[in-house]
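Summary of the model geometry
Here is how the chains run, residue by residue.
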Amino acid sequence: MRARRPDFDGFVERDGVKVAYEVFGEANEPTVLLMPTWSIVHSRTWKAQVGHLARRYRVIAFDGRGNGRSDRPSTPDAYSDAEFVEDGVAVLDGTGTDHAIVVGLSMGGLWTLLLASRHPERVLGAVVFGAAVPHLRDGETKPADEPQGRPTHPFDTELDEYEGWAKYNRHHWLHDYDDFLQFFFRQVFTEPHSTKQREDAVGWGHDTDGATLVATRDAPPVLADRSEAEAMCRSVQCPLLIVHGTDDGIIPHSNSVRLAELTGATLMSVEGGGHNQFARDPVFANLLVQDFVEKVASRVRAPQHRTWTRALRRSKRALYISSPIGLGHAQRDIAIAAELRKLHPDLQIDWLAQSPVTSVLEARGENVHAASRFLASESAHITDESHEHDLHAFQAVRRMDEILVNNFMVFHDVVSAEPYDLWIGDEAWDLDYFLHENPELKRAPFVWMTDFVGWLPMPDGGAREAAITADYNAEMIEHVARFRRVRDRSIFVGNPSDVVADDFGPGLGPIRSWTEANFDFSGYITGFDPSDFADRDMLRAELGYGPDEKVCIVTVGGSGVGGALLRKVIRAHPSAAQRVPGLRTIAVAGPRIDPAALDPPAGVEIRAFVPDLYKHLAACDLAVVQGGLTTCMELTANRRPFLYFPLAHHFEQNFHVRHRLDRHGAGRCMDFATTNEDDIAVAIAAELTTDRGASYAPVETDGAVRAAALIGELL
């Protein structure tokens, strides 16, 4: 799922070649034009930029000819540098844009400079990353200790084998294009832990083919020699920022050193950076471009009135970020907030939150920050990633990367504009990750909360998934070890024995011992006191349940992934009712399942959203649920029998949650794929005749108090 869809899109056509463009943001000045890079990828390469930039500016991106929605002409002449430059002009014309600040990467950096040189009236300013300007330096001027970039190999000669940069070869592209893509993007992303960026780029590379890439390679160059290249660079008169990674494996850093000398522009060297900072270091790149655009745009903008409040005049404030993936986070976070206010009565808490969490917060009278409307929906993304009771949670989180970048940038905007004394992130993965990647952006104490530690591979993912999860774990371990100051307090919502006994990966050590060394433990946080429901008869009467009814609650969480389970249990009701006289089944559709689409039989009630669902779970005789931690632990705390069906490929539900429930002796785990409606009916009848809840290990009742005490110390 995209973090932001274009406000409109279209095509321009030149000499029979159609070029696709997208426009994001309001029609206000300035406009930022994102140039193509090379036909090996398309404009989705800017996915981490458009959400942030489009909140401030009008943003245009277009697919370079040869990829994406643009045409793929077959002749080399159609791919000359001049054609890409004129495509940029045509897109400006086609979108009614007089001038823009232009941003380019790699070949797009060259085309940006050519655009500024040939059409200076259209370019207010330019930012180029790893610009592929030819002829700027030779062997004598190139430092011996920098990455070599692409060595010269015969492009047209057919070889017996293709190793290393010999893969940059016409015949190899035509016969084993995927092998070239895999190799090439390892050179683009030389930084460790870049598996997702490489996978994205390889996928976009497969949106074109080797023959098209050959045509781009055979295209006539616009700059014939060094003198022409230097003359072009000197002719660029607009404000210019040059950015280049010192570990760039495609275009050597010394290229941009010479470019800066010729243009007089500022050079930002990225120590340890590869070829594509926009993808690998998106927060850094976004803020760099934003700062440049603001400086250029300030020449035409009217003065602004701003206010600064002296520190001792400021109220005490906390910004709370609660994960929207599962409403249980909101329940426990509200409980923690209530305890924090007891410790600090003058504390103002603002929430940066998404639907459906916002519904819970607003119902409790909490203050949802106005910037929350800019957050891209993580819950909707999870729904899009799901299939019939199947959600590959690890891969879904990986594919949520552009949403996480967008949402971190929203957070950064908020805390840059408003002072906070404390940041609290309950599984706010964007906040924790990008603060560790950009520790200089931390300006307040930060509390990190989670109820599981460690990405774990599913067995059918094989060696590759095991390697990728281990790589993610290794990066997290390195982050925490190197930047201990980022997390002022790490709180595990549970106890040490709730942490799985698995290892992080080969050579990375056990998860439990690392968690014990790096976290405080609050115990579990239910958000309510089970003793409040000790009189179940009174509670049932309050909720409208008769004393002789057998009440079965079916609930599948706040996302749409549970629809298949909900429907299967609904279909099982007639068979279960034959076995259990007086059975009353209540199916909770939640905020993302259309109740009208469930078609319940007689005896099944459908409810859309139940804000105090935990009370109904405390009152029920049986629950049928997914394997989500919050619902299962609420049932465990209230000693209610339940059947739970972990989502297929959901590592957290299958490993972390199941481990915790097994420790408590709670619930009966069932497999959705191998269980039919009659199996469910039999299991419902069996659980309703057996009171196993009395044997559950107890769940803490003071978790919110303990968490608040740990957090409150930072205030």
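Structure's up top.
Some thoughts on the pairing of strand E16 (residues 550-555)
E16 sits mainly inside the fold: 5 of its 6 residues count as buried. Bridge count between E16 and strand E17 (residues 583-588): 6 bridges; the pairing is parallel. Bridging from a neighbouring strand, Val 554 pairs with Ala 587 of E17. The pairing of E16 with strand E19 (residues 622-626) spans 4 bridges and is classified as parallel. Considered in E19, the bridge of Ile 553 is made with Ala 623.

Details of the nonpolar core
In this structure, Ile 336, Ile 424, Met 449, Ile 553, Phe 642, Leu 661 and Ile 711 are the most contacted members of the largest nonpolar core, which totals 58 residues. The element best represented in this core is helix H12 (residues 328-343), accounting for 6 residues. Ala 393, Leu 441, Val 453 and Met 476 belong to the second-largest nonpolar core, a separate cluster that totals 54 residues.

Brief notes about the packing of aromatic side chains
Scanning the model with the defined rule gives 36 aromatic pairs in all. Where Trp 165 meets Phe 183, the ring centres are 5.2 Å apart and the plane angle is 85°; that geometry is what we call edge-to-face. You can see Trp 165 sitting in the loop between strand E6 (123-129) and helix H4 (170-175) and its partner Phe 183 sitting in helix H5 (residues 177-188), a full 18 residues away along the chain. As far as the burial class goes, Trp 165 and Phe 183 line up, both buried. Plain terms: the ring middles of Phe 528 and Phe 533 are 5.7 Å apart, the flat faces sit at 45° to each other, and that makes the pair tilted. According to the relative accessible area criterion, Phe 528 is buried, its value standing at 10%. A relative accessible area of 10% places Phe 533 in the buried class. Through a chain of ring-to-ring contacts, three or more aromatic side chains come together here, namely Trp 38, Phe 155, Trp 165, Tyr 168, Trp 173, Phe 180, Phe 183, Phe 184 and Phe 185. Between Lys 18 and the ring centre of Phe 11, over which it is positioned, the NZ or CZ distance is 4.8 Å.

What about empty space enclosed by the protein?
This model, assessed by the stated rule, comprises 3 cavities of 30 Å³ or more. One number sums up the size of the second largest cavity: a volume of about 130 Å³. Lining the second largest cavity are 15 residues, with Ile 321, Leu 352, Gln 354, Glu 378 and Asp 430 positioned closest to its centre. Among the secondary structure elements, those contributing two or more residues to the lining of the second largest cavity are strand E9 (317-322), helix H16 (401-417) and helix H17 (429-437). When its residues are assigned to classes, the lining of the second largest cavity shows 8 nonpolar, 4 polar and 3 charged.

With respect to the pattern of salt bridges
Enumeration according to the criterion identifies 48 salt bridges in this entry. Measuring nitrogen to oxygen at the nearest pair gives 3.1 Å for the salt bridge that ties Arg 55 to Asp 413. Placement of the pair is Arg 55 in the loop between helix H1 (47-54) and strand E4 (58-62) and Asp 413 in helix H16, with a sequence separation of 358 residues. As a salt-bridge pair, Arg 332 and Asp 451 come within 2.8 Å of each other at their nearest N and O atoms. Taken as a pair, Arg 332 in helix H12 and Asp 451 in the loop between strand E13 (446-450) and helix H18 (462-482) lie far apart in primary sequence, 119 residues in all. Considered together, Arg 332 and Asp 451 belong to a single accessibility category, that of buried residues.

Thoughts on helix H3 (residues 107-118)
Taking 1.5 Å per residue, 12 residues should reach 16 Å; H3 reaches 16 Å between its end C-alpha atoms and fits that length. Counting buried residues in H3 gives 9 out of 12 residues, a clear majority hidden from the surface. Within the sequence span of H3, burial applies to Gly 108, Gly 109, Leu 110, Trp 111, Thr 112, Leu 113, Leu 114, Leu 115 and Ala 116.

A look at the sheet that holds strand E5 (residues 100-105)
In space, the 8 strands of this open sheet follow the order E1-E2-E4-E3-E5-E6-E7-E8, with mixed pairing throughout. If you trace the sheet from one side to the other, it starts and ends with strand E1 (8-14) and strand E8 (266-270), each paired once. Within the sheet, the average angular offset between the axes of one strand and its neighbour, ignoring direction, is 20°. Two elements, strand E3 (residues 31-34) and E4, share 4 bridges in a ladder whose sense is parallel. Opposite Val 32, over in E4, you have Val 59 as the bridge partner. Sheet strands touched by H1: strand E2 (17-24), E3 and E4. Its angle to E4, the strand with the most contacts, is close to 160°.

Examining the side chain of Gln 197
On the secondary structure map, Gln 197 appears in helix H6 (residues 195-205). Given a relative accessible area of 16%, Gln 197 falls into the buried group. Contacts of Gln 197, omitting those with residues within four sequence positions, involve Phe 189, Ala 279 and Arg 280.

A closer look at the side chain of Asp 333
Structurally, Asp 333 can be placed in helix H12. One polar contact links Asp 333 to Ser 322, side chain to side chain, over a distance of 2.6 Å. Residues contacting Asp 333, with those up to four places away along its chain left out, are Tyr 320, Ser 322, Trp 351, Asp 426 and Met 449.

Quick notes on the sheet that holds E19
Read across the open sheet, the 6 strands follow the order E18-E17-E16-E19-E20-E21; overall the sheet is parallel. Of all the strands in the sheet, the pair left with one neighbour each is strand E18 (604-607) and strand E21 (668-669). Here 4 bridges tie E17 to E18, and the two strands are oriented parallel to one another. Among the inter-strand pairings, Thr 585 is bridged to a residue of E18, identified as Val 604. Strand contacts of helix H21 (residues 563-579): E16, E17, E18, E19 and strand E20 (642-645), with the helix running at about 170° to E17, the strand carrying the most contacts. In the packing of helix H23 (residues 629-637) onto the sheet, the strands contacted are E16, E19 and E20, and the crossing angle to E19 comes to about 155°.

Definitions and cut-offs
Residue indices begin from 1 for each chain and proceed along its sequence in written order. Owing to the predicted nature of the model, reporting of local features is limited to residues with pLDDT of at least 70; listing and counting of side-chain atom pairs is limited to 80 or more, with chain, interface and lining totals taken over all residues. Remark: hydrogens and water are excluded; side-chain values derive from all non-hydrogen atoms of the structure. Buried residues are those whose accessible area, probed at 1.4 Å on protein chains only, stays under 20% of the maximum for their type, while exposed residues exceed 50% and partly exposed ones sit between those limits. Under the DSSP-based scheme used, a helix requires at least four consecutive residues in state H or I and a strand at least two consecutive residues in state E, with every element numbered from the N terminus. When DSSP finds two or more bridges between two strands, those strands count as paired. By nonpolar core we mean a set of buried residues, namely Ala, Val, Leu, Ile, Met, Phe, Trp, Tyr and Cys, connected to one another through side-chain atoms within 4.5 Å. When the centres of two rings from Phe, Tyr and Trp lie within 6.5 Å, Trp using its six-membered ring, the rings pair. Their planes under 30 degrees apart give stacked, over 60 give edge-to-face, and anything left gives tilted. Criterion for a charge above a ring: Arg CZ or Lys NZ at most 6 Å from the ring centre, at most 35 degrees from the ring normal. Within this scheme a cavity is a closed region of a 1 Å grid, computed over the protein atoms alone, that accommodates a 1.4 Å probe without allowing it to escape, whereas a pocket is open but has protein on both sides within 12 Å along at least five of seven lines; lining residues each have an atom within 4 Å of a point. Grid points are joined across faces, edges and corners, and a volume is the space filled by probe spheres set on the points. Gly is placed with the polar residues, together with every amino acid not listed as nonpolar (Ala, Val, Leu, Ile, Met, Phe, Trp, Tyr, Cys and Pro) or charged (Asp, Glu, Lys and Arg). In the sections that follow, a salt bridge refers to a side-chain nitrogen of Lys or Arg positioned within 4 Å of a carboxyl oxygen of Asp or Glu. The length a helix should cover is 1.5 Å for every residue beyond the first. To get an axis, fit a line to the C-alpha atoms, keeping to the stretch in contact for a helix; angles then go from 0 to 180 degrees between the N-to-C directions. Contacts: residue pairs with any heavy atoms within 4.5 Å of one another. As used in this structure description, the phrase polar contact means that two N or O atoms lie within 3.5 Å; if the pair is within protein, one of them must be able to donate a hydrogen and the other to accept it, and residues adjacent in sequence are counted only when both atoms belong to side chains.

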